[in-house]
Amino acid sequence: MPLSAPGAQIHGHRIIFIAIALALIAVLSAAPTVLAAPRPDGETPAEVKVGIYVTELSDLDLRGNKFTIAFWIWWLHNVPDYKPAETVEITNAAGSAEITSVYEYPQAVGVYAGAKYRATVLKQWNIDNYPFDRQELFVDIEENFLSPDDIVFVPDLEGSKIDPRISLQQWHISNFQLSAAAVEYPTVYGDPNLAGNTSSYPALSATISLERNNPWWTLIKSLIGAFTGFLLTMSAFLIRPEQLGDRLFLTTAAIFSVIGNQIVLDTFLPPVAGLPLVYKIQTATFAAIIASTLAQVLSSRSLRASSDKRATRLDTAAAFLILTLYLGYIALLLFTATMQAASLP
């Protein structure tokens, strides 16, 4: 049945109202997030108080040059429309950080905002004195929209801490620091609003200092194969010179022991250009095995030349010289490494 004139008019008004509402929703959903506008020239940068509470520190991967960290971060500021959780990033993270929670509470003066981050962070480990090394973990947090002319980060030193429940198997945390700075880049990233050839952004750096637990025990575990190889090659001098085959069997076993130790070290230590402490000890052990093998061959040749006393003297002198030089060199390396570790702040 056709609608009456008043009914048709009401129905038409409803359709118009629904169409306007849908159009308004579409416009609002498509509107970009409003970010804080840069401050006018000449104005003092606004202070943003920033703090961090570390809740997780794990997966300290020396071979992979990385570690995992989770922390709460908070901002207390009075900057209109500033959404730090949307414009802040961890610049030394391996990929994007995971943000698991974001909150914002207006205060009587300003805004209190925060978020929880979890990220895998890149770290170039310094293993020159491993296992007497000390490491510093850096988490670099940077604002990527506003400049230091707009805001400056002020570390919340009193509130920033590390959860005391964090426990690391091979390390203990010796210090935690928070510092603010401005990071400058030699580019403006194509931004037509920036003058010159450089740009800078407010940044915050968290530094976690680590010291290794039981470094001497770690040294023994890391070089057990090398030390076993050295004992095997020195044991060969206890066998009479005429039994050259038995001697060479021990030195061959010593070589395989040191090679196996090197393979184990390469599985958890990162590739380096120099020669760290443990690799110097490995090299010294190889040199001792080669020297002892050469001395045993020479003493065997002296014995064949009907010079039993000469062969014995050569064995004794070679064993004493190799033992003295090896232990002296290892002691010097360890003394230097421990002194360098003790001199670090």
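Residues numbered from 1 in each chain as written. Predicted model: local features only at pLDDT ≥ 70, side-chain atom pairs only at ≥ 80, totals over all residues. Heavy atoms only, no water.

Q: Help me understand the overall build of the protein chain in this model?
A: Scanning the protein chain from terminus to terminus reveals seven helices and 10 strands. Within the protein chain, counting contacts between residues at least 6 apart in sequence, those at least 24 apart form 73% of the total. Roughly 20,000 Å² of accessible area belongs to the protein chain as shown, and the carbon and sulfur atoms make up 61% of that amount. (Helix = DSSP H or I, 4+ residues; strand = E, 2+ residues; numbered from the N terminus. Contact = heavy atoms within 4.5 Å. Areas by Shrake-Rupley, 256 points an atom, 1.4 Å probe, with all protein chains shown as cover.)

Q: I tried to follow the packing of helix H4 (residues 224-235) against helix H6 (residues 277-304) on my own but got confused; where do I start?
A: How two helices sit against one another is set out by the angle between their axes and by the gap between those axes. Close contact between H4 and H6 brings their axes to 10 Å; oriented N to C, the two are set at 15°. Relative to H6, the element H4 lies roughly parallel. Our pair here, H4 against H6, has a crossing hand that is left-handed. Only Ile281, Gln282, Thr285, Ala288, Ile289, Ser292 and Gln296 of H6 make contact with H4, whose side of the interface consists of Ala226, Phe227, Gly229, Phe230 and Thr233. (Axes fitted to C-alpha atoms, helices over the stretch in contact; angles between N-to-C directions. Parallel < 35°, antiparallel > 145°, perpendicular 65-115°, else oblique. Left-handed = near helix turned anticlockwise from the far one by under 90°.)

Q: I would appreciate a short explanation of a nonpolar patch on the surface in the present structure.
A: Judged by side-chain polarity, Trp217, Ile220 and Ile224 come together as a nonpolar surface patch covering roughly 310 Å² of accessible area. Considering the arrangement of structural elements, one finds Ile224 in helix H4. Taking relative accessible area as the criterion, Ile224 reaches 47% and is therefore assigned partly exposed. (Patch = residues over 30% accessible without salt bridge, like charges linked within 9 Å, V, L, I, M, F, W, Y side chains within 5 Å. Salt bridge = Lys/Arg side-chain N within 4 Å of Asp/Glu carboxyl O. Buried < 20%, exposed > 50% of the residue type's maximum accessible area, 1.4 Å probe, protein only.)

Q: Explain the packing of aromatic side chains to me, please; I cannot follow it from the model alone.
A: Geometrically, a pair of aromatic rings is defined through the distance of the ring centres and the angle of the planes. Under the defined criterion, the tally for this structure stands at 10 aromatic pairs. When the centroid spacing of 5.7 Å and the interplanar angle of 10° are considered together, the rings of Phe71 and Tyr117 count as stacked. Of the two residues, Phe71 sits in strand S2 (residues 66-77) while Tyr117 sits in strand S5 (residues 111-122), which places them 46 residues apart along the sequence. Ring pairing ties together the aromatic residues Trp72, Tyr103, Tyr105 and Tyr112, which thus form one cluster. (Phe/Tyr/Trp six-rings, centres within 6.5 Å; stacked < 30°, edge-to-face > 60°.)

Q: How do you make sense of helix H3 (residues 215-222) when you look at a structure like this?
A: The periodicity of an α-helix, 3.6 residues per turn, causes residues three or four places apart in sequence to face the same way. By the burial criterion, the buried members of H3 are Thr218, Leu219 and Ser222. On an axial view of H3, the arc spanned by its buried residues comes to 105°, and they lie on one face. Residues of H3 that are exposed and point over 90 degrees away from its buried face: Trp217 and Lys221. Buried residues in H3 make contact with strand S10 (199-212), H4, helix H5 (244-268), H6 and helix H7 (308-343). (Arc of directions from axis to C-beta.)

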